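Chain by chain, the residues:
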Amino acid sequence: MMDGLVALVSAEGLKPGDRLPPETELARRLGVGRHKLREVLTAWARVGIVSRNKGAGTVLAAPITGRTLALPLAVTLEAESLLRTLAVRRPLEIEAVRLAARDATQAARDQITARMLDLMVAFDGGADWRVADRAFHAAIHDATGNPLFSQIIGQLQRAFDEVYQTPFGMPQLGSATIPLHRPLAEAVVAGQGIQATEWMTRILDDTEAAARAVMEGHG
């Protein structure tokens, strides 16, 4: 099913920004049910291959070729590496947003808001949002008043990036979580620690689900 969709997209010559054919047409051409097709498209959205919008349809967000999903072992290793990194980062990131919500100065809260807005501008404009995303999280780490958060999490991120500059060949992996950063920032700035940790947990859960979706797709 996934291979068939890759072949169809490749044959159509679709490029990032192009809209995929309607689901009914895709399902007919692939000879599958719409439910199964939606499962695959949802998995693709999680890892940043497509973006889905009820009004705009399904839009290709990353280049697709016959090789995009053709290296199961390498992709599985990347996914496992990302999952291990997330397992270590999870408690640190959650604690960081809790402390930031509790202890941040007004200047630190202003920085979090500014960096969130930078991230939204990059994301909404279709630009590479990764640098803005790191700056946003760094602002939260700095707001805790404990430099170890930025040092340890930064080391983890750099260690992963040294091996995988573009996880699974998808620079925009995790794009589905970016809109969630706005309510996360708003909760931290409002001093709502419980809500902030809930939003951070959801972001981490969705990122982990994206990595697992890749592994399952290549299993």
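Coordinates for the structure precede this section.
Computed from a predicted model, the values in this text were never measured in an experiment.

Caption draft 1: Examining the environment of Leu41 more closely. Here Leu41 shows up in helix α3 (residues 34–46). Expressed as a C-alpha distance, the spacing of Leu41 and Arg52, which sit 11 residues apart in the sequence, is 8.3 Å. The residues contacting Leu41, other than those within four sequence positions of it, are Leu5, Leu20, Glu23, Val50, Arg52 and Thr58.

Caption draft 2: Inspection of the nonpolar core at higher detail. Counting 29 residues, the largest nonpolar core has Val97, Ile112, Leu119, Phe136, Ile140, Leu184 and Val188 as its most contacted members. Mapped onto this core, the elements with two or more residues apiece are α4 (72–103), α5 (106–124), α6 (130–143), α8 (181–189) and α9 (193–217). With six residues, α5 is the largest single contributor of residues to this core. Ignoring any residue separated from it by four or fewer positions in sequence, one finds Leu184 in contact with Val97, Phe136, Ile140, Ala196, Trp199, Met200 and Ile203.

Caption draft 3: Region of the structure containing the pairing of strand β2 (residues 57–60). Pairing geometry for strand β1 (residues 50–53) and β2, over four bridges, is antiparallel. Residue pairing across strands places Val50 opposite Leu60, the latter belonging to β2. What sits between the antiparallel neighbours β1 and β2 is a turn of three residues.

Caption draft 4: Here's a closer look at the packing of α5 against α8. Between α5 and α8, the shortest axis-to-axis distance is 9 Å and the interhelical angle comes to 170°. The orientation of α5 with respect to α8, classified from their angle, is roughly antiparallel. Here Arg109, Ile112, Thr113, Met116, Leu117, Leu119 and Met120 of α5 come into contact with α8, specifically with His181, Arg182, Ala185, Val188 and Val189.

Caption draft 5: Up close: the layout of surface pockets. Of the volumes computed, that of the second largest pocket is approximately 510 Å³. Lining the second largest pocket are 19 residues; nearest its centre among them are Val50, Ser51, Ala61, Phe123 and Ser175. Of all the elements in the fold, those that place two or more residues in the lining of the second largest pocket are β1, β2 and α5. Tallying contributions element by element places β1 first for the lining of the second largest pocket, with four residues. When its residues are assigned to classes, the lining of the second largest pocket shows 10 nonpolar, six polar and three charged. For the lining of the second largest pocket, the domains that each give at least three residues are domain 1 (1–60) and domain 2 (79–217).

Caption draft 6: Layout of the pattern of salt bridges. The tally for this structure, following the rule as stated, stands at 13 salt bridges. Put simply, Glu23 and Arg34 hold a salt bridge, and the shortest N to O gap is 3.3 Å. Separated by 11 residues along the polypeptide, Glu23 in helix α2 (residues 23–30) and Arg34 in helix α3 bring together distant segments of the chain. The partly exposed category is assigned to Arg34, whose relative accessible area is 37%. As a salt-bridge pair, Arg89 and Glu93 come within 2.5 Å of each other at their nearest N and O atoms. A residue pair is termed a helical-turn pair when its members lie 3 or 4 positions apart in one helix, as Arg89 and Glu93 do in helix α4 at four residues. Judged by its relative accessible area of 2%, Glu93 falls in the buried class. Several salt bridges share partner residues, and in doing so they unite Glu23, Arg34, Arg38 and Arg52 into one network.

Basis of the calculations
Residues numbered from 1 in each chain as written. Predicted model: local features only at pLDDT ≥ 70, side-chain atom pairs only at ≥ 80, totals over all residues. Heavy atoms only, no water. Helix = DSSP H or I, 4+ residues; strand = E, 2+ residues; numbered from the N terminus. Contact = heavy atoms within 4.5 Å. Core = buried A, V, L, I, M, F, W, Y, C linked by side-chain atoms within 4.5 Å. Buried < 20%, exposed > 50% of the residue type's maximum accessible area, 1.4 Å probe, protein only. Pairing = 2+ DSSP bridges. Axes fitted to C-alpha atoms, helices over the stretch in contact; angles between N-to-C directions. Parallel < 35°, antiparallel > 145°, perpendicular 65-115°, else oblique. 1 Å grid on protein atoms, 1.4 Å probe; cavity = no way out; pocket = protein on both sides within 12 Å on 5 of 7 lines; lining within 4 Å. Points joined across faces, edges and corners; volume = space filled by probe spheres on them. Nonpolar A, V, L, I, M, F, W, Y, C, P; charged D, E, K, R; others polar. Domains from an automatic or database assignment. Salt bridge = Lys/Arg side-chain N within 4 Å of Asp/Glu carboxyl O.

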